[in-house]
Amino acid sequence: MAEKTTKKTGQEAGTNGTAGNGNGKRLLGIDPEAIKAKAIEDLEAIKQPTKTDLYKSIFRVKHDETPRSRTLGVLSNVFLHLHPAKINRDAVAYNYTWGMGGISFYLFWVLTWTGVLLMFYYHPTKVQAFRDILYLEHDVPFGKLLRNMHRWGAHAMVLTVWLHMYRVFLTGSYKKPRQFNWMVGVILLVLTLLLSFTGYLLPDDQLGFWAVTVGTNMARATPMLGHEGPFGLMFGMTAYNDVRFALLGGSIVDSNALLRAYIWHCVAIPGFAATFMIVHFWRVRKDGGISGPAPMMLEKEIKPLRR
Amino acid sequence: MDWHQLWTILSLPDNVPIIGLMIVIPFYTWYAFRQAFANDRLIEQLEADPEMAKTHHRKTQPFLKGWAREVHVWPYLLRIEFLAAIIVTAILMVWSITLDAPLEEPANPTLTMNPSKAPWYFLGLQEMLVYFDPWIAGVVMPTLIIVGLIAIPYIDTNPLGNGYYTYKQRRFAIWTYLSGFIILWCVMVVIGTLIRGPGWMWFWPGQTWDHNKLVFEVNRDLHEIIGITDPLIYGIFGFLVVAGFVVLTGFAVHKLLTMTEFNRKILDRMTLLQYLTMQLLLITMVGLPAKMAARLLFRIKYVWVTPWFNV
């Protein structure tokens, strides 16, 4: 550092050329040989990027093939420390896990990013919503790909969440001590379906309009809270104050429903889902990591129940 | 055989996930049961040989003395996650490049789509609307599905099969889940997507979706078939029929539960509250196919008619 400063001031002042080895020619007090040596040093350093200050400042620990640094690589990284440092050797078996929980999370992440990009082009108003989709499809660079990825990613996520639940059931992973995390998982399943459903209306086309009309018409029939449901009239329900009205912000699927669907879809439900996901992942760790493949228990080993 | 109609339905972009569903669900069911049966064979061996049970590591995955029991997450898990992310991205990219998301005409409240369908994952519920009034199919049933799913860990008192695939040790639980998930949910979704056409009428695969098709529904309420006309009496009569169904189904479920020695042992571990919750959920679950059978075989519309609601 001191050397560099000297050189800099030397350059500015045009005097004082004491730096360097003194053998080379000096131009305005700069030693070209010394600069060359420095440049070579820097180029050599590029070959070992993990030794640079920049790298060390970002990753904190050096990475080499020792158990210690493999452990630190996971534990000292904010994203990776969701994992334990070590796991059971069988827990990485794909035939056991199916990987569907992780894939669901990855798809959620993809949907968040494609969704944010779509939001740049979308206005949740009756005048513009449908035109924005046309604009996306025909004028925005890669707009069509963006919308396609968002839609197919959403469909895929519904499937992977179902499969994740299927696997967790078939391996009995909801059993003690993971009962509560199963409950969180069911809530996340419902949120996934609601996210997908609220997104369906947003293009403001016939498909979404009638799907949401069919879907929200059922709310009319809610017992006690819907105006066509059992005991609804007794509770003073009309088309203008029942639970369907609250969902749509009106008695028909119109501009208020579009705005509500948009806010639920882009802000509220993703927020809830993210919160529950934090709990879900946290509890996976706290409940002892992934459930198996666990050693099998035999019938005669069942302990008498203590209450 | 109208192949063009079949192709029109199957190739509808929003129906592609259903095609995926019809492939991945059977595949993963096979995949799980293959491991369950392998585990069950090992369980039988262990039960027959107590010495082996003492020393065996009790998994079908190989394990030799001297092997580390644990592996580092970096790289053994992270590389799998990374690979999975790349594969999913690639599949999603190809899917998105080759198939466009649907966009119909602008929303038009004056022009009803026929058939107008909910998103595919809710079509099981929409299919239920054929057999039940909306307050049951659209409100009570979904609520019970969510509550029932949440209740599973709290009513399943079988401690076996925690963290490994098995069929032998959890027959009742697995049959219940399979009938709920595959028959009552996935098959209903497939029916709702591929079979139901204009007017929500039944069209077999390959049958032309005829918008002018007329079906003369001859559904009648149960009390009409019997010939009761007084509202008070058929109200009470309907209640008795439903109550009878609840009692009979509950009895049948109980019989099924106490059929084997093992199940009786598990039942002993249940509290009364756990048992009643399970009965309520199972009876409701059986209620759906029961009403479907009543409708499809005997053309019964409602079983229980009251001034406030109909079942």
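Residue positions within a chain follow its written sequence, with the count starting from 1. Going through the entries in the order they are written, you letter the chains from A and number the ligands from 1. Under the rules for a predicted model, residues below a pLDDT of 70 receive no local features and side-chain atom pairs below 80 are neither given nor counted, while totals for whole chains, interfaces and linings still include all residues. Each side-chain value is worked out from all heavy atoms of the structure, with water and hydrogens disregarded.

1. Details of the overall build of chain B
Only runs of H or I of at least four residues qualify as helices and only runs of E of at least two qualify as strands under DSSP, and these elements are numbered from the N terminus. Regarding its fold elements, chain B presents 12 helices and 1 strand. Listed N to C, the secondary structure of chain B is α-α-α-β-α-α-α-α-α-α-α-α-α in terms of helices and strands. A compact globule built from 311 residues should have a C-alpha radius of gyration of about 19 Å, whereas chain B, at 25 Å, is more than 25% larger. Taking the principal axes of its C-alpha atoms as reference, chain B extends roughly 75 × 55 × 35 Å. Think of it in three bands: with a 1.4 Å probe and only protein chains considered, a residue is buried below 20% of the maximum accessible area for its type, exposed above 50%, and partly exposed in between. Looking at chain B as a whole, 46% of its 311 residues are labelled buried. In this analysis, two residues are considered to be in contact whenever any of their non-hydrogen atoms come within 4.5 Å of each other. Taking the intrachain contacts of chain B between residues at least 6 apart in sequence as the baseline, contacts between residues at least 24 apart amount to 67%. The Shrake-Rupley method, run with a 1.4 Å probe sphere, supplies the accessible areas, and residue values consider only the shown protein chains as cover. Within the structure as shown, chain B displays about 16700 Å² of accessible surface, and the carbon and sulfur contribution to it stands at 71%. Charge assignment: positive for Lys and Arg, negative for Asp and Glu; neither His nor the chain ends contribute. For the purpose of locating charges, the reference atoms are NZ of Lys, CZ of Arg, CG of Asp and CD of Glu. A gap of 10 Å separates the mean positions of the 23 positive and 22 negative side-chain charges of chain B. Radius of gyration: over C-alpha atoms. The globule rule applied is 2.2 Å multiplied by the number of residues raised to the 0.38 power.

2. Structural notes on unusual backbone geometry
Backbone torsion omega between lysine 176 of chain A and proline 177 of chain A reads 5°, so that peptide bond is classified as cis. Assignment of secondary structure puts proline 177 of chain A in the loop between α8 (143-170) and α9 (179-201). Following glycine 292 of chain A, the chain continues to proline 293 of chain A via a peptide bond in cis, the omega torsion being 5°. Following the sequence through the fold, proline 293 of chain A ends up in the segment after α12 (255-286). The phi angle at tryptophan 200 of chain B is positive, at roughly 55°, despite the residue not being glycine. Residue tryptophan 200 of chain B is classed as buried on the basis of its relative accessible area, which comes to 15%.

3. Considering the domain arrangement of chain A
Either an automatic procedure or a domain database provided the assignment from which the domain bounds are taken. When the domains of chain A are assigned, the result is domain 1 (23-80) and domain 2 (92-290). Here domain 1 of chain A and domain 2 of chain A have C-alpha centroids that lie 47 Å from each other.

4. Focus on the pattern of salt bridges
By convention in these notes, a salt bridge is any Lys or Arg side-chain nitrogen within 4 Å of a carboxyl oxygen on Asp or Glu. For the coordinates displayed, the defined rule picks out 16 salt bridges over all chains. Across the pair glutamate 299 of chain A and lysine 265 of chain B runs a salt bridge, and its minimum N-O distance is 3.6 Å. Linking glutamate 299 of chain A in the segment after α12 with lysine 265 of chain B in helix α11 (residues 261-268), this pair reaches from one chain into another. Residue classification places glutamate 299 of chain A among the partly exposed positions, given a relative accessible area of 29%.

5. Some points on the interface of chain B and chain A
Contacts between the two partners involve 105 residues from chain B and, on the opposite side, 100 residues from chain A. Both faces combined, the contact of chain B with chain A buries some 9800 Å², and carbon together with sulfur accounts for 69% of it. Put simply, chain B and chain A have 6 salt bridges between them. For aspartate 156 of chain B, the salt bridge goes to lysine 175 of chain A, with nearest N and O atoms at 3.7 Å. Under this definition, polar contacts are N or O atom pairs within 3.5 Å; protein pairs additionally need one hydrogen-donor-capable and one acceptor-capable atom, and for neighbouring residues in sequence, both atoms have to be side-chain atoms. Along the contact surface separating chain B from chain A lie 53 residue pairs in polar contact (both at pLDDT 80 or more). Mapped onto the side of chain B that touches chain A, the elements with two or more residues apiece are α2 (16-48), β1 (70-72), α4 (73-76), α5 (78-98), α6 (123-128), α7 (134-155), α8 (171-195) and α11 of chain B. Gly is put with the polar residues, along with every residue not named as nonpolar or charged; the nonpolar set is Ala, Val, Leu, Ile, Met, Phe, Trp, Tyr, Cys and Pro, and the charged set is Asp, Glu, Lys and Arg. Residues that form the side of chain B that touches chain A fall into these classes: 70 nonpolar, 20 polar and 15 charged. Here, a strand pair is defined by DSSP locating no fewer than two bridges between the strands. Pairing of strand β1 (residues 86-88) of chain A with β1 of chain B involves 3 bridges; the strand directions are antiparallel. Each bridged residue has a counterpart across the sheet, and for asparagine 88 of chain A the counterpart in β1 of chain B is glutamate 70 of chain B. Buried area is a sum: the accessible area each of two parts loses on coming together, probed at 1.4 Å, counted once for each and added.

6. Focus on the packing of aromatic side chains
Note on aromatic pairs: the rings of Phe, Tyr and Trp (six-membered ring only in Trp) are paired at centre separations within 6.5 Å, and the planes decide the class, stacked below 30 degrees, edge-to-face beyond 60, tilted for the rest. Using the criterion set out here, one finds 39 aromatic pairs over all chains in the structure. Centroid distance tryptophan 98 of chain A to tyrosine 165 of chain B: 6.4 Å. Interplanar angle 20°. Geometry classified as stacked. Of the two residues, tryptophan 98 of chain A sits in the loop between α5 (94-97) and α6 (100-119) while tyrosine 165 of chain B sits in the loop between α7 and α8, which places them in two different chains. Accessibility assignment for this pair places tryptophan 98 of chain A and tyrosine 165 of chain B in one class, buried.

7. Focus on the packing of α2 of chain B against α8 of chain B
Residue and element names in this part refer to chain B. Running from N to C, α2 and α8 cross one another at 165°; their axes reach a closest spacing of 10 Å. On the basis of their axis angle, the class for α2 and α8 is roughly antiparallel. In the crossing of α2 with α8, the sense of the turn from one axis to the other is left-handed. Contact residues: α2 offers Ile18, Leu21, Met22, Ile25, Thr29 and Phe33, while α8 offers Ile174, Leu178, Phe181, Ile182, Cys186, Val189, Val190, Thr193 and Leu194. Residues that form the contact of α2 with α8 fall into these classes: 13 nonpolar, 2 polar and no charged. To obtain an axis, a line is fitted to C-alpha atoms, over the contacting stretch when the element is a helix, and the angle between two such axes runs from 0 to 180 degrees between their N-to-C directions. Orientation is classified from the angle alone, with under 35 degrees giving roughly parallel, over 145 giving roughly antiparallel, 65 to 115 giving roughly perpendicular, and any other angle giving oblique. Should the near helix be turned counterclockwise from the far one by less than a right angle, the crossing is left-handed, whereas a clockwise turn marks it as right-handed.

8. Looking at the nonpolar core
Inside soluble globular proteins, nonpolar side chains tend to come together where they are buried. The definition of a nonpolar core used throughout is a set of buried Ala, Val, Leu, Ile, Met, Phe, Trp, Tyr and Cys residues joined through side-chain atoms within 4.5 Å. Trp98, Trp162, Phe169 and Trp182 of chain A together with Trp120 and Tyr121 of chain B are the most contacted members of the largest nonpolar core, which has 106 residues in total. The leading source of residues in this core is α8 of chain A, at 14 residues. When neighbours within four sequence positions are excluded, tryptophan 182 of chain A is seen to be in contact with Met165, Val168, Phe169 and Tyr174 of chain A together with Leu149, Ile150, Ile152 and Pro153 of chain B. Core analysis: the next-biggest nonpolar cluster, separate from the first, contains 11 residues, Met296 of chain A together with Ile43, Ala53 and Tyr164 of chain B among them.

9. Topic: a positive patch on the surface
Each patch is built from residues that are more than 30% exposed by relative accessible area and take part in no salt bridge. Like charges join if they lie within 9 Å; nonpolar side chains (Val, Leu, Ile, Met, Phe, Trp, Tyr) join within 5 Å. Residues Lys51, Lys56, Lys62 and Arg68 of chain A make up a contiguous surface patch of positive charge. Taking relative accessible area as the criterion, lysine 56 of chain A reaches 44% and is therefore assigned partly exposed.

10. With respect to the confidence of the model for chain A
Residue-level confidence of the predictor is summarised by pLDDT, bounded by 0 at the bottom and 100 at the top. Across chain A, pLDDT averages 87, with 92% of residues at or above 70. Scored below 50 in pLDDT, residues 1-20 of chain A makes 16 contacts in the model with residues more than four places away or belonging to other chains.

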